[in-house]
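# Descriptive analysis of the structure
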Amino acid sequence: MHFVKAKSILTPTAMNLYRGCLHGCIYCDSRSKCYQMQHDFEDIEVKENALELLEDALKRKRRPCMIGTGAMTDPYIPLEKELCLMRGALELLEGYGFGAAVQTKSTLVLRDMDLLQRINEKTKAVVQMTLTTWDDDLCRVIEPNVSTTSQRFEALKRFRDAE
């Protein structure tokens, strides 16, 4: 892991708090050289000023919209347990009235269920999880460092059943 001062955090409707990943999914296309990552993919780049950049960007947006995350780097990588950048980002989205669309393969997203529920009450919050195979043993082969499919399925059911 290494920290950088990022220049930006938000594209028109998406944010990436981290660059790189430790999930080890065999089908990952985010490793492609076309994304011009200047470090090993497994060496996570942490945007240390991410929350300041996000708040500045949200203040300047003319109207609230859905902000997506997780397409390039899962926002709930193991480092998120300690750094809590995603939780901080969700707090900002809620505070400024923006929606959230989160793509993850981690049940750590359950930690932030309270924030996602509050966002959903005001605008819209969506949690998306890839379910690559029903077989947890095969899951460990093709996605070695993620929550198993059965764990992800249970997390999705908890979100569905949450009020």
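So, here is what we can say about the structure in this document. (Residues numbered from 1 in each chain as written. Predicted model: local features only at pLDDT ≥ 70, side-chain atom pairs only at ≥ 80, totals over all residues. Heavy atoms only, no water.)

### What to know about the nonpolar core
Worth spelling out the cut-off: Side-chain atoms within 4.5 Å link the members of a nonpolar core, which is a set of buried Ala, Val, Leu, Ile, Met, Phe, Trp, Tyr and Cys residues. Each residue is placed in one exposure class: buried if its accessible area under a 1.4 Å probe, protein chains only, is under 20% of its type's maximum, exposed if it is over 50%, and partly exposed if it falls in between. The numbering of helices and of strands both runs from the N terminus, where a helix is a DSSP run of H or I of at least 4 residues and a strand a run of E of at least 2.
Among the nonpolar cores identified, the biggest contains 39 residues, and M15, L17, L90, L93 and L116 are the most heavily contacted of them. Elements that contribute at least two residues to this core include exactly α1 (50–60), α3 (85–96), β6 (99–104), α4 (113–122), β7 (125–129) and α6 (149–161). Ranked by the residues each element gives to this core, the list is headed by α3, at six residues.

### A closer look at the sheet that holds strand β1 (residues 2–4)
What counts is decided by this rule: Pairing between strands requires that DSSP locate at least two bridges from one strand to the other.
What the three strands build is an open sheet, ordered β1-β4-β3; its pairing is mixed. Here the strands that pair on one side only, and so sit at the sheet edges, are β1 and β3 (18–19). By the bridge criterion, three bridges tie β1 to strand β4 (residues 45–47) in an arrangement that is parallel. Looking across to β4, one finds that F3 is bridged to V46.

### With respect to the pattern of salt bridges
Rules: Should a side-chain nitrogen of Lys or Arg be within 4 Å of a carboxyl oxygen of Asp or Glu, the pair is scored as a salt bridge.
The full count for this structure, using the stated rule, is 12 salt bridges. The closest approach of N and O atoms between R87 and E91, which form a salt bridge, is 4.0 Å. Of this pair, R87 and E91 both sit in helix α3, four residues apart, which is roughly one turn of the helix. With a closest N to O distance of 2.9 Å, R87 and D114 form a salt bridge. A residue pair is termed long-range when its members are at least 10 positions apart, and R87 in helix α3 and D114 in helix α4 qualify at 27 residues. Overall, D114 belongs to the partly exposed group, its relative accessible area being 30%. One network of salt bridges, in which partners are shared, links E80, R87, E91, E94, R111, D112, D114, R118 and K122.

### Remarks on the sheet that holds β6
Strand order in the open sheet formed by four strands is β2-β5-β6-β7, with parallel pairing between adjacent strands. Edge positions in the sheet fall to β2 (14–15) and β7, since each has one partner strand and no second. Taken together, the five bridges between β6 and β7 define a ladder with parallel strand orientation. Across the sheet, A101 pairs through a bridge with V126, a residue of β7.

### Overview of the side chain of E80
Definition in use: Any N or O atom pair separated by 3.5 Å or less is treated as a polar contact, with the protein-specific requirement of one donor-capable and one acceptor-capable atom, and with residues adjacent in sequence counted only for side-chain atom pairs. Here a residue-residue contact requires only that any non-hydrogen atoms of the pair lie within 4.5 Å.
Along the chain, E80 turns up in helix α2 (residues 80–83). Exposure remark for E80: the relative accessible area of 0% places this residue in the buried category. Polar contacts involving the side chain of E80 include one to the main-chain amide nitrogen of L85, which spans 3.1 Å. In terms of polar contacts, E80 uses its side chain to reach the backbone amide nitrogen of R87, at 3.3 Å. Those residues in contact with E80, other than ones at most four positions away along the chain, are Y18, P75, L85, M86, R87, L108 and R111.

### A few points about the packing of α1 against α3
Heads up, the condition is: Axis angles are defined between N-to-C directions and span 0 to 180 degrees, where every axis is a line fitted to C-alpha atoms and, for a helix, only to the segment in contact. Roughly parallel means an angle under 35 degrees; roughly antiparallel, over 145; roughly perpendicular, 65 to 115; everything else is oblique. In this scheme, a crossing is called left-handed if the near helix is turned counterclockwise away from the far one by less than a right angle; it is called right-handed if the turn is clockwise.
Interaxial distance between α1 and α3 falls to 10 Å at its minimum, and their mutual angle equals 15°. Judged on the interaxial angle alone, α3 and α1 are roughly parallel. At the point where α1 passes α3, the crossing takes the right-handed sense. Across the interface between the two elements, L51, L54, E55, L58 and K59 from α1 touch L85, G88, A89, L92, L93 and Y96 from α3.

### Focus: α4
Let me state the cut-off plainly: Each direction from the helix axis to a C-beta atom contributes to the arc, which is the arc of those directions.
Burial in α4 covers these residues: M113, L115, L116 and I119. For α4, the buried positions fall inside an angular range of 160° around the axis, keeping them on one side. Facing away from the buried side of α4, by more than 90 degrees, are the exposed residues E121 and K122. Of the surrounding secondary structure, the elements contacted by the buried residues of α4 are α3, β6, β7 and α6.

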